[in-house]
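Chains, contacts and geometry: an overview
Below are the chains, spelled out letter by letter.
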Amino acid sequence: MNEQGGKPVKLSVLNSLKVRLIASALLLILVLMPLIGFTLNDAFKLQIKSALKNELSAYVYSVLASTEVDNNRLLMPEKLLENQFNVIQSGLYALISITSKLLPQSKQRASTIAWHSDSFLGLPVPAELPHPATGKSEFSEVVLAGQAYFIYSLSVSFAQPGSADKQFPITIHIVKDQADFQQQAEQFSRQLWNWLLILMVLLVIVQSVWLLWTLKPLAKFTRELSDIEHGRAKQLAEIYPAELQAVARQLNTLLNTEQSQRKRYRNALADLAHSLKTPLAVILSQEGLSRAVSDQVSIINNIIGHQLKRAQTAAGSSWYLGVKVTSVSEKLVRSLTKIYREPQISIEQNVDPQAVFKGDEADLTEILGNVLDNACKAAKSQVLLTVSAAEDYLVLMVEDDGKGINAQQRAQIFERGIRADSYRQGYGIGLAIVADLVASYNGQLSVSQSKKLGGAEFKFSFKL
C-alpha cells in the first residue's frame, strides 16, 4: 500500500523495475528461442528435401540414359547401375509410365506402367502418378501401401525413326521412401531443441546475473533510504551511477536543508516559549493577585506550552526519522522508578527490541512520558509497558493496576484542563498533548480496562 493525497493506492507486482526487467527478459527468451527453433527446423527440412530432390533427379537421368525405344516398344536393361533398383523393396524404385488419350477428341489421359525396377516387385501400383508436361519435372509425394514416399517425375518424348511427327512420350518416376528423411529430420530436431533448451537456461542465468548486477545500485539506494527512514543514517553515503548520483545529491541537499530548518524552527519556538513564560512568571510572583487572575495566568501558561509542543512536533517531516522504542522507554522507566518510590511502583517492560517509532525521539518521549507518568500516579503498585511491531503497525500499550477510568472519563481526559479523579495532581494538559501528537502521526489511540492488571489500558497504534 502507498498513500497519495491521503487515499491508499494498491501497488501491483509490475510496479517493480526488477520484476518488469526480469519478465521482459524471460518473455524475450521464451518467445525468441522457440521461434528460432521452428525456423531452423523448417529450414533444415527444406534443405534436405532440396538435396533429396537433386538426388532423385540424378537417378532419373541415370534411368533415362538406360532407356531405349524401338518401334513403339520400350527397351530396358535387366539390371540398372544403381544396385538399390535391383533389390526387392529396397526403398528406391523406378517406374516408367506411358500416357495416352482415352479418345481422340478427349483431353483426358490414361497412364499405364510400362516398366518398373525389380525393387518395386510386391508393391501395389499407385492409382495416380504425376505427369508433368514434356520436358518438365515434378517433385511431390505419393502413398504406396499406406506409407508416404517422395516421387520425382520427368516427362520425355522419344522420336520414332522415319517419322519426325511420330513421338513416343513416357514419364520416368523415381520413388523413394521417407524413412531416411524422417530419421534425419527427427535427429536434427531433437539435437536442436536440446541445445536450444540448454541455451535458454544459460541465457536465463546470464540475464538474471546481469539484471542483479545492473540493479545493485538501486538495491543499495533502497537500503540507504530505509536506514535514513529508521534513523540509522542521516544521509546517502554510497557513490551511485551517473543516473542516480544526481538524485542522491539532491536528496542529501533536501535532508540537510530540512534538518537545518527544523532545528532553527525549534530553537525559535524555544526562545519564544522562554520569552513568554518569563513575563508570566513575573506576573504570578506579584503580590495581591486575585485567585481568578492567578488561575487565568496559569491556564495561559499551560496553553502556551501545549501549543508550542504541537508546533514542534516532527510528524509532518518524520518520513526519514526513526528511533528504537527501547532507547526511549528505558530512560523513562529509569527516571520514573526513581520518582515513584513511595509507594514503590514496579514498572515492567515487554518491549520488542527491534520496534522502531517512525518519528522524532522528542515526540515519542512526550507520548510515553505523559502516559507512563499518569499510569504511575493512578497505579497501586504495578505498571506494564508492552511494545510490539507486527503487520506494518507499531503498537504501544500502557497498563496499570489502579482504579481504572470509567466510560465517561475516557471521553473527557484528552480535553485540555480535564483530568481523571484518580490523578492527584496536574491540570490534564499532558494527555491533550498526547492526543494531538498521536493525531499528527495519523495514529490511533484508545482507552479501555486492562485485562491483565485491572486498571486503565492506553493503546497506541502507528502505521509503519
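Remember, predicted model here, so these are calculated numbers, not experimental data.

1. Looking at the sheet that holds strand E14 (residues 393-400)
The five strands lie next to each other as E11-E13-E14-E16-E15, forming an open sheet whose pairing is mixed. The outermost strands of the open sheet, each flanked by one partner alone, are strand E11 (346-351) and strand E15 (444-449). Adjacent strand axes in the sheet meet at a mean angle of 15°, parallel and antiparallel pairs treated alike. When E11 meets strand E13 (residues 382-390), the two strands line up parallel, connected through six bridges. The residue of E13 that forms the bridge with Ile 347 is Val 383. Contacting E11, E13 and E14, helix H5 (residues 325-339) runs over the sheet at an angle of about 175° to E11.

2. Focus: the pattern of salt bridges
Applying the stated criterion across every chain, the model contains four salt bridges. Asp 180 is the salt-bridge partner of Lys 176, the closest N and O atoms lying 3.8 Å from each other. Looking at Lys 176, the relative accessible area reads 8%, which means it is buried. With a closest N to O distance of 3.6 Å, Glu 361 and Lys 331 form a salt bridge. Placement of the pair is Glu 361 in helix H6 (residues 361-378) and Lys 331 in helix H5, with a sequence separation of 30 residues. Taking the relative accessible area as the measure of exposure, Lys 331 reaches 45% and is therefore partly exposed.

3. Observations regarding the confidence of the model for the chain
Model confidence for the chain is summarised by a mean pLDDT of 80, while 85% of its residues fall at 70 or above. Per-residue pLDDT, averaged within each element of the chain, yields its smallest value for strand E2 (residues 7-9) (43) and its largest for E14 (91). In this model residues 1-11 is a low-confidence stretch, pLDDT under 50, and it forms eight contacts with partners more than four residues away in sequence or in other chains. The low-confidence segment residues 417-427 (pLDDT under 50) makes 24 contacts with residues lying over four places distant or belonging to another chain.

4. Focus on the packing of helix H1 (residues 17-65) against helix H2 (residues 179-229)
Helix-helix packing is characterised by the crossing angle of the two axes and by the distance between the axes. At a minimum axis distance of 9 Å, the contact between H1 and H2 shows a crossing angle of 160°. In terms of their interaxial angle, H1 and H2 are classed as roughly antiparallel. The two elements H1 and H2 meet at a crossing, and its hand is right-handed.

5. Regarding helix H3 (residues 242-285)
Taking 1.5 Å of rise per residue, the 44 residues of H3 would be expected to cover 64 Å, and the 64 Å separating its terminal C-alpha atoms lies within 8% of that figure. Among the residues of H3, Leu 244, Ala 248, Leu 251, Asn 252, Leu 255, Glu 258, Arg 262, Arg 266, Leu 269, Ala 273 and Leu 280 are the ones counted as buried.

6. Description of the nonpolar core
Within the largest apolar cluster, 39 residues are counted, with the highest numbers of intra-cluster contacts made by Val 325, Leu 368, Val 383, Leu 396, Phe 458, Phe 460 and Phe 462. At the level of elements, H5, E11, H6, E13, E14, helix H8 (429-440) and strand E16 (456-463) are the ones that each hand at least two residues to this core. Looking at which element gives the most residues to this core, the answer is H6, with seven residues. Residues within four places of Phe 462 in sequence aside, it is in contact with Phe 357, Ile 367, Asp 392, Tyr 393, Leu 394, Leu 396, Val 438, Tyr 441 and Gly 443. Within the second largest apolar cluster, 26 residues are counted, among which are Leu 52, Val 60, Trp 115 and Phe 181.

7. Some points on unusual backbone geometry
The phi torsion at Asn 71 lies on the positive side, around 55°, for a residue other than glycine. Its location among the elements puts Asn 71 in the loop between strand E3 (68-70) and strand E4 (73-75). For Asn 71, a relative accessible area of 61% translates into the label exposed. Positive phi values are uncommon outside glycine, yet Ala 145 reaches one of about 55°. Locating Ala 145 in the fold gives a position in the loop between strand E7 (137-144) and strand E8 (147-159).

8. Re the environment of Lys 49
Here Lys 49 shows up in helix H1. For Lys 49, a relative accessible area of 29% gives the class partly exposed. Separated by 101 residues in sequence, Lys 49 and Phe 150 place their C-alpha atoms 9.3 Å apart. If we skip the residues at most four places from it in the chain, Lys 49 touches Phe 139, Glu 141, Phe 150 and Phe 181.

9. Topic: the packing of H5 against H6
Contact pair H5 / H6: the axes reach a minimum separation of 10 Å and the direction vectors enclose 40°. Between H5 and H6 the crossing geometry is right-handed. Contacts between H5 and H6 pair Val 325, Val 328, Ser 329, Lys 331, Leu 332 and Leu 336 from the former with Glu 361, Leu 364, Thr 365, Leu 368, Gly 369, Leu 372, Asp 373 and Cys 376 from the latter. Classifying every residue of the contact of H5 with H6 gives eight nonpolar, three polar and three charged.

10. Quick word on the side chain of Asn 370
Note on placement: Asn 370 falls in helix H6. Under the relative-accessibility criterion, Asn 370 is labelled buried at 17%. Within the structure, Asn 370 has its side chain in polar contact with the backbone oxygen of Glu 366 (distance 2.8 Å).

Calculation criteria
- Residues numbered from 1 in each chain as written.
- Predicted model: local features only at pLDDT ≥ 70, side-chain atom pairs only at ≥ 80, totals over all residues.
- Heavy atoms only, no water.
- Pairing = 2+ DSSP bridges.
- Helix = DSSP H or I, 4+ residues; strand = E, 2+ residues; numbered from the N terminus.
- Axes fitted to C-alpha atoms, helices over the stretch in contact; angles between N-to-C directions.
- Contact = heavy atoms within 4.5 Å.
- Salt bridge = Lys/Arg side-chain N within 4 Å of Asp/Glu carboxyl O.
- Buried < 20%, exposed > 50% of the residue type's maximum accessible area, 1.4 Å probe, protein only.
- pLDDT = per-residue confidence, 0-100.
- Parallel < 35°, antiparallel > 145°, perpendicular 65-115°, else oblique.
- Left-handed = near helix turned anticlockwise from the far one by under 90°.
- Expected span 1.5 Å × (residues − 1).
- Core = buried A, V, L, I, M, F, W, Y, C linked by side-chain atoms within 4.5 Å.
- Nonpolar A, V, L, I, M, F, W, Y, C, P; charged D, E, K, R; others polar.
- Polar contact = N/O pair within 3.5 Å; in protein donor to acceptor, adjacent residues only side chain to side chain.

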